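Chain by chain, the residues run as shown.
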Amino acid sequence: IPLFVSQILSQKPITVTDPSMTRFMMSLSDSVELVVYAFEKGLQGDIFVQKAPACTIIDLANALKEIFKAGNEINIIGTRHGEKLFESLISREEMLRSIDEENFYRIPADNRNLNYSKFVDQGDQDLSQIEDYHSHNTKRLEMDELKNLLLDLPYIQEKLHQ
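All figures in this text were calculated on a predicted structure; none of them were measured in a lab. (Residues numbered from 1 in each chain as written. Predicted model: local features only at pLDDT ≥ 70, side-chain atom pairs only at ≥ 80, totals over all residues. Heavy atoms only, no water.)

(A) Main features of the pattern of salt bridges. According to the stated counting rule, one finds 7 salt bridges in the structure shown. For E93, the salt bridge identified is with R92, shortest N-O distance 3.8 Å. The exposure class of E93 is partly exposed, given its relative accessible area of 43%. Taking relative accessible area as the criterion, R92 reaches 33% and is therefore assigned partly exposed. A network of salt bridges, in which partner residues are shared, links D46, E101 and R106. (Salt bridge = Lys/Arg side-chain N within 4 Å of Asp/Glu carboxyl O. Buried < 20%, exposed > 50% of the residue type's maximum accessible area, 1.4 Å probe, protein only.)

(B) Looking closely at the nonpolar core. In this structure, F4, M25, L60, L64, L146 and L150 are the most contacted members of the largest nonpolar core, which totals 21 residues. Among the elements of the structure, α1 (2-9), β1 (14-16), α3 (57-67) and α5 (143-151) are those that each provide at least two residues to this core. By residue number, the principal contributor to this core is α3, which donates 6 residues. Not counting residues up to four positions away in its chain, the partners in contact with M25 are I1, A52, P53, A54, C55, L60, L141, L146, L149 and L150. Core analysis: the second largest hydrophobic core is formed by 8 residues, I90, M95, Y105 and Y133 among them. (Core = buried A, V, L, I, M, F, W, Y, C linked by side-chain atoms within 4.5 Å. Helix = DSSP H or I, 4+ residues; strand = E, 2+ residues; numbered from the N terminus. Contact = heavy atoms within 4.5 Å.)

(C) Region of the structure containing α1. Within α1 the residues assigned to the buried category are F4, V5, Q7 and I8. When α1 is viewed along its axis, its buried side chains cluster within an angular range of 160° and face the same direction. In the core, the buried residues of α1 are packed alongside β1, α3 and α6 (154-160). (Arc of directions from axis to C-beta.)

(D) Geometry of the packing of α3 against α5. Relative to each other, α3 and α5 sit at 65°, their axes nearing to 10 Å. Our pair here, α3 against α5, has a crossing hand that is right-handed. Contacts from D59, L60, N62, A63, L64, E66 and I67 in α3 reach M143, L146, K147, L150 and L151 in α5. Across the contact of α3 with α5, the residue classes tally to 8 nonpolar, 1 polar and 3 charged. (Axes fitted to C-alpha atoms, helices over the stretch in contact; angles between N-to-C directions. Left-handed = near helix turned anticlockwise from the far one by under 90°. Nonpolar A, V, L, I, M, F, W, Y, C, P; charged D, E, K, R; others polar.)

(E) Highlighting the environment of F86. Here F86 lies in the loop between β5 (74-76) and β6 (88-90). When its relative accessible area of 30% is taken as the criterion, F86 is described as partly exposed. For F86 and L9, which are 77 residues apart along the polypeptide, the C-alpha to C-alpha distance reads 27 Å. Those residues in contact with F86 that lie beyond four places of it in its chain are T22, R23, H134, S135 and H136.

(F) Quick peek at the pairing of strand β8 (residues 104-107). Alternating positions in β8 separate into two faces, F104 and R106 on one and Y105 and I107 on the other, with burial throughout. With 3 bridges connecting them, strand β7 (residues 99-101) and β8 associate as antiparallel partners. Along β8, the bridge assignment pairs E101 with F104. With antiparallel pairing between neighbouring strands as the criterion, β7 and β8 make up a hairpin whose turn holds 2 residues, including E102 at a positive phi of roughly 70°. (Pairing = 2+ DSSP bridges.)

(G) Representation of the packing of α1 against α3 in the model. Where α1 meets α3, the closest approach of the two axes is 10 Å, and the angle between their N-to-C directions is 45°. For the element pair α1 / α3, the angle class is oblique. Pair α1 / α3 crosses with right-handed handedness. Judged by residue contacts, F4, V5 and I8 of α1 engage I57, L60, A61, L64 and K65 from α3. (Parallel < 35°, antiparallel > 145°, perpendicular 65-115°, else oblique.)

Here's what the structure looks like:
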């Protein structure tokens, strides 16, 4: 976001690596809510992941252009080495044992022993039926939702009033 805003305010082209790339969108208040929830509800070893919406990078660039009423060109520059198409927060192995708590996933500590012999004859069939929790398979923000989320960020408010 700071890179795109800087490019917009400098009237430079906005550089996007892959338009279909997705990223989770989580505000500071969402982060604080996650920490407080984990503190109040967590047990030793629990991992909490907030169910966060995501957007494509091209939608993010376009939303910022609209917010700043900018006419910057968008340049698609290609994916950089090591850059991922989407963010993954929970592996399918963790999803299999996660507990859905409405706005959060709780992943209890994995306290199983290392007795692999019980899986020699039969593995875990359910593992094949579940996928990771990532920014490609979570709720995708509509443009208005994305703009509202961005407008709530103090950083964006500050830059709009400069």
